[in-house]
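Summary of structural features
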Amino acid sequence: MAEQTQDGGKRRAGRYAADLVEEGMMVGLGTGSTVLYAMERLVERMDEGLSLCGVPTSYQAELRARAFGIPQTSLADCCELDIAIDGADQVDRSLRLIKGRGAAQTRERCIAEAARRLVIVVDERKLIGTFSAPVPVEVLPFAVPLVASRLTGMGGSPVIREGVAKDGPVITDNGNWVIDCTFPSIDDPEALETAINTLPGVLSCGLFCEFAGKTTVVIGGKKGIRTLHTEM
Ligand code: 5RP
């Protein structure tokens, strides 16, 4: 029952976000279960005549777009996007995010950077006061012991992410490994993000603080949705 409620919230958020897409837009297509609902709605709107072109954030998004018949291109051919729709694992009230449960945060960060507007779709459980989720960190395999040691030095507890239907480490879409790092508390997310992202060997961590100014968070609840924006 709880799962059905969450799914209802995800569905409402995803569909609302898809309705923000306008004719001819270049659309970043995020990764995860909530964005799937946005893609389903985009397909309905394409059937009604909407034209758009998607730029996927992962192999999952690419495969889904292909299966749905959503036209797509890559960041290599288009690096100015009108909007990106993506999910998150936790969102705080300053519109900072933890992403990367799907190990796609490096490409998701590139797409967020390229987009004029970032629309984050979540169910209401993900809006939190203080971050508590582990921070996913994509790391060059060669540098995993070094990065794990530095994360420990920052007070974190790093764990190499293991595959579910694969033995050994998860390999990302970029051929790297993922460390999930739990911190006793995250008091300054911006500083932690910078400290992790500047470690040699790190591709990207899942803390996203720098996009808050162009972010809309769409929160799907039991009955409807609400949106959060930064006061400009
Ligand atoms: C993948 C992500 C996802 O967007 C995030 O994990 C949310 O996924 P879901 O909508 O399935 O809860 O960051 O790397």
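It should be emphasised that the depicted structure is a prediction, and the values quoted were computed from it without experimental measurement.

What counts and what doesn't
- Residues numbered from 1 in each chain as written.
- Predicted model: local features only at pLDDT ≥ 70, side-chain atom pairs only at ≥ 80, totals over all residues.
- Heavy atoms only, no water.
- Domains from an automatic or database assignment.
- Contact = heavy atoms within 4.5 Å.
- Buried area = accessible area lost by both parts, 1.4 Å probe.
- Salt bridge = Lys/Arg side-chain N within 4 Å of Asp/Glu carboxyl O.
- Polar contact = N/O pair within 3.5 Å; in protein donor to acceptor, adjacent residues only side chain to side chain.
- Helix = DSSP H or I, 4+ residues; strand = E, 2+ residues; numbered from the N terminus.
- Nonpolar A, V, L, I, M, F, W, Y, C, P; charged D, E, K, R; others polar.
- Buried < 20%, exposed > 50% of the residue type's maximum accessible area, 1.4 Å probe, protein only.
- Arc of directions from axis to C-beta.
- Near = heavy atom within 4 Å.
- Areas by Shrake-Rupley, 256 points an atom, 1.4 Å probe, with all protein chains shown as cover.

For the rest of this paragraph, the subject is the domain arrangement of the protein. We note that the domain assignment places domain 1 (2–128 + 210–229) and domain 2 (135–205) within the protein. Distance from the C-alpha centre of domain 1 to the C-alpha centre of domain 2: 24 Å. Tallying the contact residues gives 14 residues for domain 1 and 18 residues for domain 2. Between domain 1 and domain 2, the buried area comes to about 1200 Å², and carbon and sulfur atoms account for 42% of it. In this structure, the connection of domain 1 to domain 2 is made through 2 salt bridges. The closest approach of N and O atoms between Arg109 and Glu193, which form a salt bridge, is 2.9 Å. The interface formed by domain 1 and domain 2 holds 12 residue pairs in polar contact (both at pLDDT 80 or more) in total. The dominant element in the side of domain 1 that touches domain 2, judged by the number of residues it contributes, is helix H4 (residues 105–114), at 4 residues. Of the residues belonging to the side of domain 1 that touches domain 2, the class tally is 3 nonpolar, 5 polar and 6 charged.

Bringing the pattern of salt bridges into the picture now. Counted by the stated rule, this structure contains 15 salt bridges. In this structure, the salt-bridge partner of Arg125 is Asp123, at a minimum N-O distance of 2.9 Å. The exposure class of Arg125 is partly exposed, given its relative accessible area of 45%. Each of the salt bridges in this network shares a partner with another, and the network as a whole consists of Arg15, Asp19, Arg41, Glu44 and Arg45.

Taken together, the buried positions of helix H6 (residues 189–197) are occupied by Pro189, Leu192, Glu193 and Ile196. The buried residues of H6 occupy an angular sector of 100 degrees when the element is viewed end-on, so they sit on one face. Buried residues along H6 sit in contact with H4, strand S7 (135–139), helix H5 (144–153), strand S10 (202–205) and strand S11 (207–208).

Now for the site of the ligand. Close to the ligand lie 17 residues; Thr31, Ser33, Thr34, Asp89 and Lys126 are nearest. Here an oxygen atom of the ligand and a backbone polar atom of Thr31 are 2.8 Å apart. The backbone of Ala104 places a nitrogen or oxygen atom 3.2 Å from an oxygen atom of the ligand. Compared with its free state, where it exposes 380 Å², the ligand has 97% of that area covered by protein.

Turning to its location among the elements, Val135 is positioned in strand S7. A relative accessible area of 0% places Val135 in the buried class. Along the primary structure Val135 and Ala212 are separated by 77 residues, whereas in three dimensions their C-alpha atoms are 18 Å apart.

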